[in-house]
Amino acid sequence: VQLQASGGGLVQAGGSLRLSCAASGGTVISNFMGWFRQAPGKEREFVAAISGTGGSTYYAGSVKGRFTISRDNAKNMVYLQMNSLKPEDTAVYYCASKRSRLGSVVLGTGYDYWGQGTQVTVSS
């Protein structure tokens, strides 16, 4: 499975961006899908995750209420709608796929496939 993240860019604080993650080379319908981010000089951190059916979603406290994760299994796509962006949201954002339903969705080590990342820069 290959994951391709897109949609990043430069936006002013308070603005919005929508990230997309396209899966190819296999299906991720039953997989948990997650978004992680890594800012310069910082460790990778969990942002959001969604169950295979889309019925369950999970968010980091720092983005809850501002970001929304969704998926379209018919298109093998996952999205991250980011509103009310802040300068501290600046990072490279990665999408990831987790085959197993076991284990925590917030731990990056539990994910099997990763996209290449897309840069999000929020100016103040």
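Scoring rules and cut-offs
Residues numbered from 1 in each chain as written. Predicted model: local features only at pLDDT ≥ 70, side-chain atom pairs only at ≥ 80, totals over all residues. Heavy atoms only, no water. Helix = DSSP H or I, 4+ residues; strand = E, 2+ residues; numbered from the N terminus. Buried < 20%, exposed > 50% of the residue type's maximum accessible area, 1.4 Å probe, protein only. Contact = heavy atoms within 4.5 Å. Areas by Shrake-Rupley, 256 points an atom, 1.4 Å probe, with all protein chains shown as cover. Lys, Arg positive; Asp, Glu negative; His and termini not counted. Charge placed at Lys NZ, Arg CZ, Asp CG, Glu CD. Disulfide = S-S within 2.5 Å.

Undergrad: Help me understand the overall build of the protein chain, please; the structure alone is not making it clear to me.
TA: Assigned secondary structure in the protein chain consists of 0 helices and 11 strands. Sequence-ordered secondary structure for the protein chain, helices as α and strands as β, is β-β-β-β-β-β-β-β-β-β-β. Each principal axis of the C-alpha distribution contributes one length, and for the protein chain these read about 40 × 25 × 25 Å. Within the protein chain, the fraction of its 124 residues that count as buried is 44%. Summarising the internal contacts of the protein chain: among those between residues at least 6 apart in sequence, 57% fall at separations of at least 24. Total accessible area on the protein chain stands at roughly 6200 Å², and carbon and sulfur atoms take up 49% of it. Positive and negative side-chain charges in the protein chain, numbering 12 and 6 respectively, have mean positions lying 6 Å apart.

Undergrad: Got a minute to help me understand unusual backbone geometry in this structure?
TA: Most peptide bonds adopt trans geometry, and most residues besides glycine take a negative phi value. You will see that Asn76, though not glycine, has its phi angle at about 55°, which is positive. Note on placement: Asn76 falls in the loop between strand 7 (67-72) and strand 8 (77-82). The class for Asn76 is buried, based on a relative accessible area of 15%. The backbone of Ser84 sits at a positive phi, close to 50°, despite the residue not being glycine. Counting through the fold element by element, Ser84 comes out in the loop between strand 8 and strand 9 (91-98). The class of Ser84 is partly exposed, set by a relative accessible area of 41%.

Undergrad: Whenever I open this one, the state of the cysteines confuses me. Can you help?
TA: Joining two cysteines, a disulfide is a covalent bond between their sulfur atoms. Overall, the coordinates contain 1 disulfide when judged by the stated rule. Across the disulfide from Cys21 sits Cys95; the S-S distance is 2.1 Å. Measuring the twist about the S-S bond at about 65°, one finds the Cys21-Cys95 disulfide to be right-handed. Highlighted residues: Cys21 in strand 3 (residues 17-24) and Cys95 in strand 9, separated in sequence by 74 residues. Across the pair, exposure class does not vary: Cys21 and Cys95 are buried alike.

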